[in-house]
Amino acid sequence: MPLFYTITYQPGGQTEKFYGTAGRRYRVAGDDLIDLHSHPVWCFRCGKVTEGERIESVRELDEKIKNLERLAGEIRAEARAEGRFTHDEPADHVQQSDLAHLGQRRRWRVARQSPPRCLSCGSTHIEELRLDAPFSCLTSGTIHLSLIGIYDPTSESREIFSAEGELLA
Ligand SMILES: [Zn+2]
C-alpha cells in the first residue's frame, strides 16, 4: 500500500498532504509488467513536489534475493524433516514465486540506463526528498517531509512506463 506524507514549507510554515500512488508498472522484456516504486521528489521542471521513480541498487536487490533464498531453503528443510515434502506444491512455492519476480526486477535494473524521472513530466532533473534532511530550493523555501503512514487507496493508477521510465499509456 502506498505511503502518505506531510510536506511543510519553511519559513512560511504552510503544510500539505502528499499521497503516494499505487499501481504504476513498467513494461519490460517479454511484455511483462513489473511494479514501479515511487517517492516524493522536488522536480525542477514542474517547480513543485511530485512523485519520482525510486530505483533500488542492484546490491539492494541481491541482498533481498539472498535473504529470500535462505528463507526458502529453511522452509524446504523443515518440510522435509516433517515429511511434508511434495513435488506438486513445494513448501516454498510462495518464496519461489517472489524470487522469480525479483530475478525479473534485477534484469530490468541491470539494463536500466536513465536516471530516475519525475512521474508527472518525465524530467530527470529531480531531487529526492528525504525524511532526515530538509531540501532548500529558491522558489519554495525549505521543504520538510514527514511520513504519516500507509493508506488504502480507493483507486490505483493504470499508467504503464517503459523500462527507462517514459510514460507509455
Ligand atoms: Zn516534473
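A quick note: this is a predicted structure, and the numbers were derived from the prediction, not measured.

A.B. asks: Can you break down the overall build of the protein chain residue by residue, with the values?
C.D. replies: Broken down by element type, the protein chain carries two helices and 10 strands. Each helix and strand of the protein chain, ordered N terminal to C terminal, gives the series β-β-β-β-β-β-α-α-β-β-β-β. The C-alpha atoms of the protein chain give 20 Å as radius of gyration, which overshoots the globular expectation for 169 residues (15 Å, by more than 25%). Referenced to the eigenvectors of the C-alpha coordinate spread, the extents of the protein chain come out at roughly 65 × 30 × 30 Å. In the protein chain, which comprises 169 residues, the proportion classed as buried is 14%. Long-range pairs, those at least 24 residues apart, make up 62% of the contacts in the protein chain with a sequence separation of at least 6.

A.B. asks: Which residues make up the sheet that holds strand 7 (residues 126-128), and what values go with them?
C.D. replies: Hydrogen bonds along the backbone pair up the strands of a sheet, which may run parallel or antiparallel. In space, the three strands of this open sheet follow the order 6-5-7, with antiparallel pairing throughout. In this open sheet, the two strands that pair with only one neighbour each are strand 6 (48-53) and strand 7. Neighbour-to-neighbour, the strand axes of the sheet open up by a mean angle of 45°, direction not taken into account. Across six bridges, strand 5 (residues 38-43) lies against strand 6 in antiparallel orientation.

A.B. asks: Explain the packing of helix 1 (residues 58-81) against helix 2 (residues 93-111) to me, using residue names and the numbers behind them.
C.D. replies: Relative to each other, helix 1 and helix 2 sit at 165°, their axes nearing to 10 Å. Accordingly, the angle class assigned to the pair helix 1 and helix 2 is roughly antiparallel. Considering how the two elements wind past one another, helix 1 and helix 2 form a crossing that is left-handed. Counting all contacts with helix 1, which are made through Val58, Leu61, Lys64, Ile65, Leu68, Glu69, Leu71, Ala72 and Ile75, the residues of helix 2 involved are Gln95, Gln96, Asp98, Leu99, Leu102, Arg105, Arg106, Arg109 and Val110. For the contact of helix 1 with helix 2, the per-class residue count stands at 10 nonpolar, two polar and six charged.

A.B. asks: Run through the pairing of strand 1 (residues 3-10), naming residues and quoting values.
C.D. replies: Relative to strand 9 (residues 141-150), strand 1 runs antiparallel, the two being bridged by eight bridges. Note on strand 9: the bridge partner recorded for Leu3 is Ile150. In this sheet, strand 2 (residues 14-19) lies alongside strand 1 in antiparallel orientation, the contact comprising six bridges. Note on strand 2: the bridge partner recorded for Tyr9 is Gln14.

A.B. asks: Can you lay out the pairing of strand 9 for me, pointing to particular residues and giving the numbers?
C.D. replies: Taken across its 10 residues, strand 9 has one buried, putting it largely on the surface. Where strand 8 (residues 135-137) meets strand 9, three bridges bridge the pair, whose relative direction is antiparallel. From the neighbouring strand, Cys137 faces strand 9, where its bridge partner is Gly141. Here strand 8 folds back onto strand 9 in antiparallel fashion, the turn holding three residues.

Conventions adopted
- Residues numbered from 1 in each chain as written.
- Predicted model: local features only at pLDDT ≥ 70, side-chain atom pairs only at ≥ 80, totals over all residues.
- Helix = DSSP H or I, 4+ residues; strand = E, 2+ residues; numbered from the N terminus.
- Rg over C-alpha atoms; globule rule 2.2 N^0.38 Å.
- Buried ≥ 20, exposed ≤ 12 C-beta atoms within 10 Å, placed from the backbone.
- Contact = placed C-beta atoms within 7 Å.
- Pairing = 2+ DSSP bridges.
- Axes fitted to C-alpha atoms, helices over the stretch in contact; angles between N-to-C directions.
- Parallel < 35°, antiparallel > 145°, perpendicular 65-115°, else oblique.
- Left-handed = near helix turned anticlockwise from the far one by under 90°.
- Nonpolar A, V, L, I, M, F, W, Y, C, P; charged D, E, K, R; others polar.

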